[in-house]
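# Per-entry structural report
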Amino acid sequence: MSFWSSQTLSSRLPSLIEPFNDDQIQSASYELCLGEEVYISALPDTPPKERKKITLSEKETVPIPPGQFAFLITSEKVKIPNNALAFISIKFKFKSKGLINVSGLHVDPGYSGKLIFAVYNAGPLHLHIARGEKVFSIWYADLDKDDEKPRQKKGYDLIPTDLMNTPDSVASLPSLVKRLDDLEKKVENYSIKQTLVLTITIGVLLAFAKPIVDIFIQPLLNMIKSSLVTY
């Protein structure tokens, strides 16, 4: 397997990447830009109908909150020949701010379409990215021969809705924080209820204790006191 040089990329990518810009070839890789759609993971109690993609206008920015997952789609459509394989990554500029690629690291022979990156903001701050910004990199490498089982399934044009309708309960730290807060409130409410029950129980016992003392205990004490005085 040999990776394509910048010269090879310049000669071959015009027929493999759309739209193609020769200025986006950097150090034997091609820079891919953020497309018009972004989906940021929702909290677990968000109704499916409210799990919506964000459609960006040209150069519009979107913040990815800390601890949240997101799906990002490229603006370019890429093609991978049957005798090649591609590798993908997020540019260091965004990695250094905490953005992690948690999706696959390669593109299959025969793939044709836009690429979707599943990312996670592991940083402490909102990470802002803009439509058209160079966020990803792709490298092409030759296989020793045409692959006999290239990808046949149609590639992506948009972020599919099934990614948005799946539960996000394990998709973010905010969802875990919310669950911990809910659990803390339940424990607090349980403690308050227990305290009230105990207080009422003690009050009832004390209310019944005085008549019992007056009827049974006090005569016994008086008898013992009387006997002691006689003695």
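Quick summary incoming for the structure in this document. (Residues numbered from 1 in each chain as written. Predicted model: local features only at pLDDT ≥ 70, side-chain atom pairs only at ≥ 80, totals over all residues. Heavy atoms only, no water.)

### Topic: the overall build of the protein chain
A count of helical and extended segments in the protein chain gives 4 helices and 12 strands. Within the span of the protein chain, comprising 231 residues, buried residues form 32% of the whole. Long-range pairs, those at least 24 residues apart, make up 76% of the contacts in the protein chain between residues at least 6 apart in sequence. Here the protein chain has roughly 14400 Å² of accessible surface; of this, 61% comes from carbon and sulfur atoms. (Helix = DSSP H or I, 4+ residues; strand = E, 2+ residues; numbered from the N terminus. Buried < 20%, exposed > 50% of the residue type's maximum accessible area, 1.4 Å probe, protein only. Contact = heavy atoms within 4.5 Å. Areas by Shrake-Rupley, 256 points an atom, 1.4 Å probe, with all protein chains shown as cover.)

### Describing the environment of Leu9
Within the secondary structure layout, Leu9 lies in helix H1 (residues 6-12). Along the sequence, Leu9 and Ile25 sit 16 residues apart, while their C-alpha atoms lie 7.4 Å from each other.

### Some words on the nonpolar core
Counting 35 residues, the largest nonpolar core has Leu72, Leu115, Ile138 and Tyr140 as the members making the most contacts within it. For this core, the elements supplying multiple residues, two or more each, are strand S3 (29-40), strand S5 (61-64), strand S6 (69-79), strand S7 (84-90), strand S10 (112-121), strand S11 (127-130) and strand S12 (134-142). Examining the composition of this core, we find that 5 residues originate from one element, S3, more than from any other. Filtering out sequence-adjacent residues up to four positions away, Leu115 remains in contact with Leu32, Leu72, Ile73, Thr74, Glu76, Val78, Ile88, Val107 and Ile138. Of all hydrophobic cores here, the second largest spans 6 residues; its members include Tyr39, Ile116, Ile159 and Met164. (Core = buried A, V, L, I, M, F, W, Y, C linked by side-chain atoms within 4.5 Å.)

### Things to note about a nonpolar patch on the surface
Taken together, the side chains of Ile192, Leu196 and Ile200 make up a nonpolar region of the molecular surface, amounting to roughly 300 Å² of accessible area. Along the chain, Ile200 turns up in helix H4 (residues 173-230). (Patch = residues over 30% accessible without salt bridge, like charges linked within 9 Å, V, L, I, M, F, W, Y side chains within 5 Å. Salt bridge = Lys/Arg side-chain N within 4 Å of Asp/Glu carboxyl O.)

### Comments concerning the packing of aromatic side chains
Applying the stated criterion to the full structure yields 6 aromatic pairs. Between Trp4 and Tyr140, the aromatic rings sit 4.8 Å apart at their centres with planes inclined by 20°, giving stacked as the arrangement. Note that Trp4 is positioned in the segment before H1 and Tyr140 in strand S12, a separation of 136 residues in sequence. Relative to Tyr120, the ring of Phe69 has its centre 4.6 Å away and its plane inclined at 45°; by these criteria the two rings are tilted. Of this pair, Phe69 sits in strand S6 while Tyr120 sits in strand S10; the two residues are 51 residues apart in sequence, bridging distant segments of the chain. Residue classification places Phe69 among the partly exposed residues on the basis of a relative accessible area of 27%. For Tyr120, a relative accessible area of 15% translates into the label buried. (Phe/Tyr/Trp six-rings, centres within 6.5 Å; stacked < 30°, edge-to-face > 60°.)

### Section: the layout of surface pockets
Each pocket or cavity is described by its volume, and for the largest pocket that value is around 330 Å³. Lining of the largest pocket is provided by 15 residues; of these, Ser103, Gly104, His106, Ile116 and Tyr156 occupy positions nearest its centre. Top element by residues in the lining of the largest pocket is S10. It accounts for 4 residues. For the lining of the largest pocket, the per-class residue count stands at 9 nonpolar, 3 polar and 3 charged. (1 Å grid on protein atoms, 1.4 Å probe; cavity = no way out; pocket = protein on both sides within 12 Å on 5 of 7 lines; lining within 4 Å. Points joined across faces, edges and corners; volume = space filled by probe spheres on them. Nonpolar A, V, L, I, M, F, W, Y, C, P; charged D, E, K, R; others polar.)

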